[in-house]
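A structural walkthrough
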Amino acid sequence: MIRHFLRDDDVTPAEQAEILDLADSFRADRFHHQPLAGPHSVAVIFDKPSTRTRVSFSVGIAELGGYPLVIDAQSSQMGRGEPIEDTTRVLDRQVRAIVWRTFGQDRIEAMAKVSAVPVVNALTDMFHPCQILADLQAVRLHKGKLSGLTMAYLGDGANNMAHSYLLGGAVAGMHVRVGSPAAYAPNGEILARAAQIAVETGGSVSHETTRAAAAEGADVVVTDTWVSMGQEGEADDRTSPFVPFAVDAEAMALADPQAVVLHCLPAYRGKEIAAEVIDGPQSIVWDEAENRLHAQKALLTWLLAQTEPPDAGEGSAR
Ligand code: CP
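Residues numbered from 1 in each chain as written. Predicted model: local features only at pLDDT ≥ 70, side-chain atom pairs only at ≥ 80, totals over all residues. Heavy atoms only, no water.

**With respect to the state of the cysteines**
Under the counting rule described, the total for this entry stands at zero disulfides. The structure places no disulfide on Cys130, whose sulfur is separated from the nearest cysteine sulfur, that of Cys264, by 12 Å. Exposure remark for Cys130: the relative accessible area of 0% places this residue in the buried category. (Disulfide = S-S within 2.5 Å. Buried < 20%, exposed > 50% of the residue type's maximum accessible area, 1.4 Å probe, protein only.)

Okay, structure coming up:
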């Protein structure tokens, strides 16, 4: 069976914990396990810009003993309209996994439908599940647990990070509160799915339309840019609605005094987060960024372990 990681609820609570434990083991010893030794290759495709995702997957695949085949879609035939399915069928005979940053969730789902190797979502317009694994690892590192903690996400409640925090946080048994203007509420189906998961894990999810309702007593305070990739043309309209949801000293005063602060980066100081907060003592963003490396190595290792090894008799050169 082939396991893919297209959204945060593609893993059960027990599986998420297993991946996070493995991520901690890679954080303690970066080279203790090399399932890609050979080297086997992993394709890492970008339809959108990236710094952290590109670096962490490239370094991580190399540290797992493999070869990171990084492809800018615009310089490939994909950028000229080659069908996703055709590209996938070419890649999956040569690589052990495909990692893709793209636009619509439907695109990565189309890839996974035909792929003979695991497909990993490295960000779509709907979700950013690899980032959430890194974030959960960082929170666990600093708080010692996830279940029962309250996480307040402030800003654009309709973006991929908000959706992934809802699902990934619910899987972890956290209480996730998304604070955003009513016009930027999370997708209703995702909110409902997260609520369903939370019933099983003892967590909870909610959408709040004031910063105070979301941040009150929170153990973790999170934000993200107000202008996601592809929204640059709307930048002028995407500031004033979010100003009341900024993560500044006032917001932090609402949270638990021991609260930690996350931001997936890139950050815009003075907009969604104040410099004194992201650069202050409650910020754990640099551990969060480092954890992209450990969490994704753990994820790839785990996915490969779940997936039948390629059958050499089929002419595969993976
Ligand atoms: N957080 C994140 O995904 O960063 P990049 O866009 O730089 O990859």
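**Some remarks on the pattern of salt bridges**
According to the stated counting rule, one finds 18 salt bridges in the structure shown. Put simply, Asp9 and Arg193 hold a salt bridge, and the shortest N to O gap is 2.9 Å. Within this pair, whereas Asp9 is found in the segment before helix H1 (13–28), its partner Arg193 is found in helix H7 (residues 188–201), the two being separated by 184 residues in sequence. Overall, Asp9 belongs to the buried group, its relative accessible area being 14%. Assessed through its relative accessible area of 29%, Arg193 is described here as partly exposed. If you follow the salt bridges from partner to partner, you end up with Arg7, Asp9 and Arg193 in one network. (Salt bridge = Lys/Arg side-chain N within 4 Å of Asp/Glu carboxyl O. Helix = DSSP H or I, 4+ residues; strand = E, 2+ residues; numbered from the N terminus.)

**Points about the environment of Glu82**
Considering the arrangement of structural elements, one finds Glu82 in the loop between strand E2 (67–72) and helix H3 (84–91). By relative accessible area, which is 32% here, Glu82 ends up partly exposed. Along the primary structure Glu82 and Ala43 are separated by 39 residues, whereas in three dimensions their C-alpha atoms are 17 Å apart. When neighbours within four sequence positions are excluded, Glu82 is seen to be in contact with Gln77 and Thr87. (Contact = heavy atoms within 4.5 Å.)

**Digging into the site of the ligand**
Surrounding the ligand, one finds Ser50, Thr51, Arg52, Thr53, Arg101, His128, Gln131, Cys264, Leu265 and Arg292. At 2.9 Å, a side-chain N or O of Arg101 approaches an oxygen atom of the ligand. Measuring from a nitrogen atom of the ligand, one finds a backbone N or O atom of Leu265 at 3.0 Å. For the ligand, whose free accessible area comes to 250 Å², the fraction covered by protein is 95%. (Near = heavy atom within 4 Å. Polar contact = N/O pair within 3.5 Å; in protein donor to acceptor, adjacent residues only side chain to side chain. Areas by Shrake-Rupley, 256 points an atom, 1.4 Å probe, with all protein chains shown as cover.)

**Concerning the packing of aromatic side chains**
As enumerated under the stated definition, the model contains three aromatic pairs in all. Here the aromatic cluster, defined as three or more aromatic residues joined through ring pairs, consists of Tyr184, Trp226 and Phe242. For Arg54, the ring lying beneath its charged end belongs to Phe46, and the centroid distance is 4.5 Å. A cation sits over an aromatic face here: Lys297 above Phe31, 5.7 Å from the ring centre. (Phe/Tyr/Trp six-rings, centres within 6.5 Å; stacked < 30°, edge-to-face > 60°. Lys NZ or Arg CZ within 6 Å of the ring centre and 35° of its normal.)

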